[in-house]
Amino acid sequence: MAAAPPTLEWERELAAQGYTLVAGCDEVGRGALAGPVSVGVVVINAATAAELPGVKDSKLLREPVRQALVPAIQDWAVAHAVGHASSAEIDAVGLVSALRLAGTRALAAVAAELTPDFVILDGNQDWLSVPVQPDLGFFGDGGTELAAADPWRIQTRIKADMTCLSVAAASVLAKVERDSIMAALALDFPQFGWEGNKGYATASHRAAIAAHGATDFHRKTWRLV
């Protein structure tokens, strides 16, 4: 039996609690060997938004369907953005910090228009919140000053991309934009098949890395072969 489509049930519960501008947030590319990690953010007015038929977690939709949904999602949202962190940034700071970097970039883009009241983050790990204490040297003088608190409330929700429409919509925007990046890179690096595997760890992708070596778009600190 097919899973029920995502709804606005939780977003409307949040609106009833006073959180009107709700942002759904989801990442793609976490497990890839090459390319960026990307984070989509879709902000809706949870008190007035209507359901958006056809939108599901991006993994459950065929590529042409995802692409066709993008204009409808963009029109439906009151603000939207996709942020990226490059493979070099993933190598430099680690995956969790790179996810935060990509998510912060997406939220900064929507914050140029408006500030969400609440962020629903897919999964069970809050990789988006700013750490209470930054890494040593973050301020350049080794100080222990605390990082500023996030201006919005963030809450994780397991399988939010399957149940919360705003998160499912964010996953579609992130997937389509990241896939387009990988397809463009494939034109310069056709030996890796990125137009098909999108940088993920297929057997043919690993074989190509073994044969040709890693590019600057591969995550070189990862086990590539």
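Structure: see above.
Criteria and cut-off values
- Residues numbered from 1 in each chain as written.
- Predicted model: local features only at pLDDT ≥ 70, side-chain atom pairs only at ≥ 80, totals over all residues.
- Heavy atoms only, no water.
- Pairing = 2+ DSSP bridges.
- Helix = DSSP H or I, 4+ residues; strand = E, 2+ residues; numbered from the N terminus.
- Axes fitted to C-alpha atoms, helices over the stretch in contact; angles between N-to-C directions.
- Contact = heavy atoms within 4.5 Å.
- Buried < 20%, exposed > 50% of the residue type's maximum accessible area, 1.4 Å probe, protein only.
- Phe/Tyr/Trp six-rings, centres within 6.5 Å; stacked < 30°, edge-to-face > 60°.
- Lys NZ or Arg CZ within 6 Å of the ring centre and 35° of its normal.
- Polar contact = N/O pair within 3.5 Å; in protein donor to acceptor, adjacent residues only side chain to side chain.

K.L.:
Help me get a handle on the sheet that holds strand β4 (residues 118-122), residues and values and all.
P.N.:
The mixed open sheet is built from five strands, whose spatial order is β3-β2-β1-β4-β5. Among the strands making up the open sheet, the edge pair consists of β3 (79-85) and β5 (153-157). Across the sheet, the mean angle from the axis of one strand to that of its neighbour is 20°, orientation sign disregarded. By the bridge criterion, five bridges tie β4 to β5 in an arrangement that is parallel. Opposite F118, over in β5, you have R153 as the bridge partner. Against the sheet, helix α6 (residues 165-188) contacts β1 (21-28), β2 (37-45), β3 and β4, and its axis sits at roughly 40° relative to β1.

K.L.:
Quick rundown of unusual backbone geometry? Include the residues and the values.
P.N.:
The phi torsion at K159 lies on the positive side, around 60°, for a residue other than glycine. With respect to the helices and strands, K159 occurs in the loop between β5 and α5 (160-163). Its relative accessible area of 54% is what places K159 among the exposed residues. At K198, a position not held by glycine, the phi torsion is positive, near 55°. In this structure, K198 sits in the loop between α7 (194-197) and α8 (203-212).

K.L.:
Which residues make up the packing of aromatic side chains, and what values go with them?
P.N.:
A complete count under the given rule lists five aromatic pairs for this structure. Aromatic side chains F189 and W194 sit 5.6 Å apart centroid to centroid with 50° between the ring planes, which places their arrangement in the tilted category. On the basis of relative accessible area, W194 is assigned to the buried category, the value being 0%. Among the aromatic residues, ring-to-ring pairing joins F189, F192, W194 and F217 into one connected group. Cation over ring: R157 sits above W10, and NZ or CZ is 4.3 Å from the ring centre.

K.L.:
Go over the pairing of β2, please, and point to the residues and values.
P.N.:
Most of β2 is tucked away: eight of the nine residues are buried. Where β1 and β2 come together, eight bridges link them in antiparallel fashion. Across the sheet, residue G24 finds its bridge partner in β2, namely V42. Pairing analysis gives seven bridges linking β2 to β3, with the strands arranged antiparallel. Within β3, the residue paired with V43 across the bridge is A79.

K.L.:
Lay out the side chain of H218 in plain terms, naming residues and giving numbers.
P.N.:
Checked against the element boundaries, H218 lands in the segment after α8. Judged by its relative accessible area of 1%, H218 falls in the buried class. Side-chain polar atoms of H218 contact the side chain of H205, separated by 3.1 Å. Within the local environment of H218, its side chain forms a polar contact with the backbone nitrogen of T215, the two atoms lying 2.9 Å apart. With residues up to four places along the chain from it excluded, the contact list for H218 reads L33, A34, S87, D91, F192, W194, H205, I209 and L224.

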